[in-house]
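Report on the structure
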Amino acid sequence: FLMRATGRGLGETAAYTMGRWGFWFPVLGVGYLLVTTSLTVYSMADFLVNAAFSGANAVFFIVTLVLAAGYAATMGIEGISRAALILFVIFTLGLLLIFFGVAERMAPVNVRPFLDGDPVRSVLKGAWMITARSSPAFLFALLAPQVRGNGAGKGFVYYLLATLALQEAVTFLISSVLGDLAAAKAFPLFTLTTIARISVFQRMDAVHLGIWVAISFLRVSVSLWACRELLQPFVPGGKTAARRKWILPFLMIAVVCGAAAMTWNKQMLQKTLDLLSGGWPLAAGLFLSPLVMLVVGGIRKRLRKGVPYETD
């Protein structure tokens, strides 16, 4: 509603409705995205070290992934989107191969019911935790102005439904095949790829390893691009526009440092997970901040489309 009222994205709206004081929103949004992006990079590096390249240095994967994603971010969102569409098709085919590869091993008896506590509460708590730790919902709000027409709202609904279906299907697949073994595995879905067999296709784990690395690369690329877009309205243009070229390198260094810190300090990793699991950072970015901008913009009479603005 806020973006429709102003005809601008969230970063520009913050500057338009609140002037220089609107800088608090990019700080909040970029801080949230840097934390979640660092967590994504850490998770992929940890996965590669523990599942594929035992004994390798996780920092090597962290640096190379961020460098590649940073380069993609400089190319713009259109190139990332085209690559994502291609990867989506490959990812879907990969999941289907896993399904058919382990179909004969599926046994509903392996899906154990909740024996302790309130099952409904446990499911809702787990669902909220997964949602709160994930940044795509916030990224959708930042990407909305890039969508032509009124397709952003429908796209967001489709994304939520598709994510729900994917989570349910993958969870059932893991539980019905691995049973209690799933709880003992750090990467249960990857374990499925090692036992999936379809005709001449044997051990498809290498294929899926490449797919998941590519997905992480795209997520990090989009996050870096979104962070830069949030900060640019508050970085002076004109003769000082050269300063903007340092935004992306700064963001990349921050992500590398954050992911490396999580690798070296597990206590910091746990505190980060606890912070995100509460859901307050996501709620502040998606609900509280736009509400504040809406109220302040209304008071200052700055909820008008297409009116030029300055960060007074």
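Up top is the structure.
For the rest of this paragraph, the subject is the environment of Leu269. Mapped onto the fold, Leu269 is located in helix H13 (residues 266-277). Along the sequence, Leu269 and Leu39 sit 230 residues apart, while their C-alpha atoms lie 8.2 Å from each other. Setting aside anything within four residues of it in sequence, one finds Leu269 in contact with Leu39, Tyr42 and Met262.

A word on the pattern of salt bridges. Counted under the stated rule, the structure contains one salt bridge. In this structure, the salt-bridge partner of Glu78 is Arg82, at a minimum N-O distance of 2.8 Å. With Glu78 and Arg82 both in helix H5 (residues 77-102), this residue pair falls four residues apart, about one helical turn. Each member of the pair, Glu78 as well as Arg82, is classed as exposed.

Turning next to the nonpolar core. Among the nonpolar cores identified, the biggest contains 61 residues, and Leu33, Val41, Leu142, Leu224 and Leu251 are the most heavily contacted of them. Here the element with the most residues in this core is helix H3 (residues 24-52); it accounts for 13 residues. Residues within four places of Leu33 in sequence aside, it is in contact with Ser135, Phe138, Leu139, Leu142, Ser223, Ala226, Cys227 and Leu230. Formed by eleven residues, the second largest nonpolar core is a distinct cluster that contains Ile174, Val177, Ala182 and Ala196.

Okay, the packing of helix H12 (residues 247-264) against H13 next. Between H12 and H13, the shortest axis-to-axis distance is 5 Å and the interhelical angle comes to 115°. Listed contacts from H13 to Ala261, Met262, Thr263 and Trp264 of H12 are Lys266, Met268, Leu269 and Thr272. Here the contact of H12 with H13 is composed, by residue class, of five nonpolar, two polar and one charged.

Conventions used here
- Residues numbered from 1 in each chain as written.
- Predicted model: local features only at pLDDT ≥ 70, side-chain atom pairs only at ≥ 80, totals over all residues.
- Heavy atoms only, no water.
- Helix = DSSP H or I, 4+ residues; strand = E, 2+ residues; numbered from the N terminus.
- Contact = heavy atoms within 4.5 Å.
- Salt bridge = Lys/Arg side-chain N within 4 Å of Asp/Glu carboxyl O.
- Buried < 20%, exposed > 50% of the residue type's maximum accessible area, 1.4 Å probe, protein only.
- Core = buried A, V, L, I, M, F, W, Y, C linked by side-chain atoms within 4.5 Å.
- Axes fitted to C-alpha atoms, helices over the stretch in contact; angles between N-to-C directions.
- Nonpolar A, V, L, I, M, F, W, Y, C, P; charged D, E, K, R; others polar.

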